[in-house]
Amino acid sequence: MHDALLRATGIARHYGSFEALAPLDLEIRPGERIALTGPNGAGKTTLLTMLAGVHPPGSGAITWSDAARGHVGWVPQRPAVYPRLSVRENLMLFAGLEGAADPGGTADQLIARADLQEVAARRAGALSTGTLQRLNLAVALAGSPRLLLLDEPTGTLSPDQRMRLWQWLDGLVAADGMAIAFSTQSMEEAAARADRVLVLGRGRLLHDGPAGTLDDAAFLAMVEDA
Amino acid sequence: MSALRAGSLLMRKDLRVLVRSRALLAVLIGYPVVIAILLAIALSGGDRRPTVAFVNLDAASGRTVQVGDERLSIEDYATRLEDDVDLVRLDPAQAQDALADGRVSAVLTVPRGFIADLQSGLKPPVLQLATNPRSPIEAQAIERNLESGVFRLNQALASAYVAQVLNLVDLIQDGGTVGIFGRAGTLLGLAQSDRALRQVQAQLRADGRGGLADRLDPLRDYITGVGDNLELAKPAAQAIASPIRLDIREGAPGREPLSALGIAGALVVGIGLVGVLLAAALLSAEREDRVLSRLGRGLVGPGTIIAQKALLAAVACTAVGYVLLGVVALTTSVAVGRWLLWLPALLLAGLASGAFGLLVGALARETRTALLAGLMIALPLAVIALIPGNDIAYWASALAGFGPAARTFQGLLVDPEVASSTYAGMGILAVVALVYGVAARVALGRRMHS
């Protein structure tokens, strides 16, 4: 692997006798935007949590490039922040845990990047869904990631919130050149926001190709056959 | 990122969250403290007067006994016992029913012939006490109360008897009318005997029978010797009546009595509940806030999380323990000392209960479940820990560290020298903390990575 940030080889996971993810190979390169899609229970979240290091793979191995090791950001589907801490306190805490030399300064930078200045002193538990998701994303940026993994980041958002989030995320990716891999239930979102689409069904990788090469009929046929 | 720095960051976060969660703080610390204070008051009420059924089978005799200047009846006897217990006068069947129903704690029976035995002085009269075997602790308390009452009555009777004996001594010395132990008559007395002998000797010598008069001298010497010895017997008899006297003086007013058991119980329940509930809530809240998936990606290991929260729970327990001890020292008659030695005892008790709570928190899915489960497990175990002298209760409550904590606290409160058992109790607390800490770490690790 010369330029891949991450390489997964034969990674798989079982929950008891249930095969959540069949052995799968995957490479993610710098600046790549990858969408993982497929029906419920396809194995999208399982794959992302293994790539993020939340859960170890049941079998297989994941290797990171030197640039990516320790610099993988994780955005869980439901916001994972402390509701009784303010936006700034949450960011300071996670920046500190990521080893930032100046957690306060890092938090202020993240607040500016996520456009959270107006709510910086507000408790996370009092934020609107869209703003809370922006905080959820900002926390993942505390470790200066080279690869950002997002589990259905827009799943709970209204159309306008979804649009604003993608505009902000596009800006971040363009500025930092980081790679992103996100899961989504929407083929439109996958085609519009990614340059590579992975389709999963019943824990198996059904498709791995450039965005826009898979029409609705082919997608449905693929998923139904799985 | 070192584990120490990560732990300190989480510690500051937890403190900040706790300060902002007033209702939770009230539940986690206020509730156990209130329970502890109520328990201390309840346990200190152990010296309340028990109700005892009084069955007088000697009532029909209507007899009384003269002791000195006093004439005693069974009712006088009962009245004296009422200093120690509340007596309810019942017939034998009623008393038996009342004991079985738990309306009275014991039945005290005066058998037939009691007064006759007391009067004769030939054999000691016997009172019969029946207690409820289902309430062994209360039965012991009543036995102690009635033993104390009987002892004081015996002492009063002994004093009266000695006074009678001393009266008799005076009669033997000076002569007079006898009326003691049912006997009556007139005594000449040593002094008059001596006087009579001297008159007889004088008469004999006047009649020229000096030899015969001299032969009466040893008899007069004997009378004088007996009189002198009887004089010596008076203080000895008084000493026998009350060989040891207790000088009771009232202490300074305004302080409530509180037993060591009450204080130890309050500390065990207070610290136990604070430790279990606080630790369980703190850990389950991490899960409820869904941050474990973030923390578990190498930011903070499960061991660090467990150690940090156990330490926070132990510090909170120590603070609560010192506050309770301070309240005891300021408002009661109990002298709390060994303030420094309380530090490891309270810290270890807090660590043990905190580690137990962490295991509950690691296994529960949400904070409410963790709190409820923690309370349901901890409260009965803490109460069991207060049963004195029961090894099964001790080891059952030791499951959460409460039994060893109770013994350690009582040892620090009452033992004149700090016994090895007190240090052993602290050792057991450390082992309990370690075992539950490791179990909680394993459970949390599975939660974070499964």
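Notes on the structure in this doc start here. This one's a predicted model, so the numbers in the text were calculated from it and none came from an experiment.

### Quick notes on the sheet that holds strand 4 (residues 59-64) of chain A
Residues and elements named next belong to chain A.
Here is step 1 of the chain: Spatially, the 3 strands line up as an open sheet ordered 2-1-4, and their pairing is antiparallel. Of all the strands in the sheet, the pair left with one neighbour each is strand 2 (18-28) and strand 4. Shown here is a sheet whose adjacent strand axes are inclined to one another by a mean of 20 degrees, direction ignored.
Here is step 2 of the chain: Inspection of the sheet shows strand 1 (residues 6-15) paired to strand 2 by 7 bridges, in the antiparallel sense. In the sheet register, A8 faces strand 2, and the bridge partner there is L26.
Here is step 3 of the chain: Packing against the sheet, helix 1 (residues 44-52) makes contact with strand 1, strand 2 and strand 4, and its axis sits at approximately 125 degrees to strand 1.

### Examining the nonpolar core
Here is step 1 of the chain: Ranked by internal contacts, the top residues of the largest apolar core, which has 130 residues, are A:L135, A:L148 and B:F409.
Here is step 2 of the chain: At 17 residues, the largest contribution of residues to this core is made by helix 10 (residues 260-288) of chain B.
Here is step 3 of the chain: Other than its neighbours up to four places away in sequence, B:F409 contacts B:A264, B:L267, B:V268, B:I271, B:W342, B:A345, B:L346 and B:A349.
Here is step 4 of the chain: A:L47, A:L147, A:A179 and A:L200 belong to the second largest nonpolar core, which has 27 residues in total.

### Side note on the environment of A:G16
Here is step 1 of the chain: Within the secondary structure, A:G16 sits in the loop between strand 1 and strand 2.
Here is step 2 of the chain: With relative accessibility at 68%, the residue A:G16 sits in the exposed group.

### Details of the packing of helix 13 (residues 339-363) of chain B against helix 14 (residues 367-384) of chain B
Helices that pack against each other are described as a pair by the angle of their axes relative to one another and the distance between those axes.
Residue and element names in this part refer to chain B.
Here is step 1 of the chain: Relative to each other, helix 13 and helix 14 sit at 135 degrees, their axes nearing to 9 Å. Here helix 13 lies oblique to helix 14, going by the angle between them. Handedness of the crossing formed by helix 13 with helix 14: right-handed. Residues F356, V360 and G361 of helix 13 form the contact with helix 14, whose participating residues are A370, A373, G374 and I377.
Here is step 2 of the chain: Residues of the contact of helix 13 with helix 14, tallied by class, amount to 5 nonpolar, 2 polar and no charged.

### Points about the packing of helix 15 (residues 391-398) of chain B against helix 16 (residues 402-414) of chain B
Residues and elements named next belong to chain B.
Here is step 1 of the chain: The geometry of helix 15 relative to helix 16 is characterised by a closest axis approach of 5 Å and an angle of 115 degrees between their N-to-C directions. Classified by the angle their axes make, helix 15 and helix 16 are roughly perpendicular. Along the contact surface, helix 15 presents D391, Y394, S397 and A398, while helix 16 presents F402, G403, P404 and R407.
Here is step 2 of the chain: Class assignment of the residues belonging to the contact of helix 15 with helix 16 gives a composition of 4 nonpolar, 2 polar and 2 charged.

### Things to note about the interface of chain A and chain B
Here is step 1 of the chain: With 33 residues of chain A at the contact, the number on the chain B side is 24 residues.
Here is step 2 of the chain: Around 2400 Å² of area is buried between chain A and chain B when both sides are counted, 55% of it from carbon and sulfur atoms.
Here is step 3 of the chain: Here B:R20 makes a salt bridge to A:E89, at a shortest N to O gap of 2.6 Å.
Here is step 4 of the chain: Among the elements of the structure, strand 5 (72-75), helix 2 (87-97) and helix 4 (129-140) of chain A are those that each provide at least two residues to the side of chain A that touches chain B.
Here is step 5 of the chain: No other element matches helix 2 of chain A, which puts 5 residues into the side of chain A that touches chain B.
Here is step 6 of the chain: Grouping the amino acids of the side of chain A that touches chain B by side-chain chemistry returns 20 nonpolar, 7 polar and 6 charged.

### Comments concerning the pattern of salt bridges
Here is step 1 of the chain: Inspection of every chain in the model, using the stated rule, returns 22 salt bridges over all chains.
Here is step 2 of the chain: A salt bridge links B:E286 to B:K13, with the nearest nitrogen and oxygen atoms 2.6 Å apart. Linking B:E286 in helix 10 with B:K13 in helix 1 (residues 3-20), this pair joins segments that are 273 residues apart in sequence. The pair formed by B:E286 and B:K13 is uniform in burial state, with each residue classed as buried.
Here is step 3 of the chain: Through salt bridges with shared partners, a single network forms among A:R7, A:E27, A:R29, A:E32, A:R196 and A:D208.

### Remarks on the packing of aromatic side chains
Residue and element names in this part refer to chain A.
Here is step 1 of the chain: Applying the stated criterion to the full structure yields 5 aromatic pairs over all chains.
Here is step 2 of the chain: Here the aromatic rings of Y82 and F94 are separated by 6.1 Å at their centres, their planes lie at 15 degrees, and the arrangement is stacked. Highlighted residues: Y82 in the loop between strand 5 and helix 2 and F94 in helix 2, separated in sequence by 12 residues.
Here is step 3 of the chain: The exposure class of Y82 is buried, given its relative accessible area of 2%.

### Comments concerning empty space enclosed by the protein
Here is step 1 of the chain: Summed over all chains, the structure comprises 3 cavities of 30 Å³ or more.
Here is step 2 of the chain: Roughly 70 Å³ of internal volume is contained in the largest cavity.
Here is step 3 of the chain: As for the largest cavity, its lining consists of A:W74, A:F94, A:E98, A:V139, A:A140, A:A142, B:R294, B:R297 and B:L299.
Here is step 4 of the chain: Of the voids in this model, the second largest cavity is the one considered here, and its volume is about 50 Å³.
Here is step 5 of the chain: Taken together, B:L267, B:V268, B:I271, B:G272, B:A349, B:A352, B:S353, B:A400, B:G401, B:F402, B:A405 and B:L429 make up the full set of residues lining the second largest cavity.
Here is step 6 of the chain: Broken down by secondary-structure element, the contributors of at least two residues to the lining of the second largest cavity are helix 10, helix 13 and helix 16 of chain B.
Here is step 7 of the chain: With 4 residues, the top contributor of residues to the lining of the second largest cavity is helix 10 of chain B.
Here is step 8 of the chain: When grouped by side-chain class, the residues that make up the lining of the second largest cavity number 9 nonpolar, 3 polar and no charged.

Rules used in this analysis
Residues numbered from 1 in each chain as written. Chains lettered and ligands numbered in written order. Predicted model: local features only at pLDDT ≥ 70, side-chain atom pairs only at ≥ 80, totals over all residues. Heavy atoms only, no water. Pairing = 2+ DSSP bridges. Helix = DSSP H or I, 4+ residues; strand = E, 2+ residues; numbered from the N terminus. Axes fitted to C-alpha atoms, helices over the stretch in contact; angles between N-to-C directions. Contact = heavy atoms within 4.5 Å. Core = buried A, V, L, I, M, F, W, Y, C linked by side-chain atoms within 4.5 Å. Buried < 20%, exposed > 50% of the residue type's maximum accessible area, 1.4 Å probe, protein only. Parallel < 35°, antiparallel > 145°, perpendicular 65-115°, else oblique. Left-handed = near helix turned anticlockwise from the far one by under 90°. Nonpolar A, V, L, I, M, F, W, Y, C, P; charged D, E, K, R; others polar. Buried area = accessible area lost by both parts, 1.4 Å probe. Salt bridge = Lys/Arg side-chain N within 4 Å of Asp/Glu carboxyl O. Phe/Tyr/Trp six-rings, centres within 6.5 Å; stacked < 30°, edge-to-face > 60°. 1 Å grid on protein atoms, 1.4 Å probe; cavity = no way out; pocket = protein on both sides within 12 Å on 5 of 7 lines; lining within 4 Å. Points joined across faces, edges and corners; volume = space filled by probe spheres on them.

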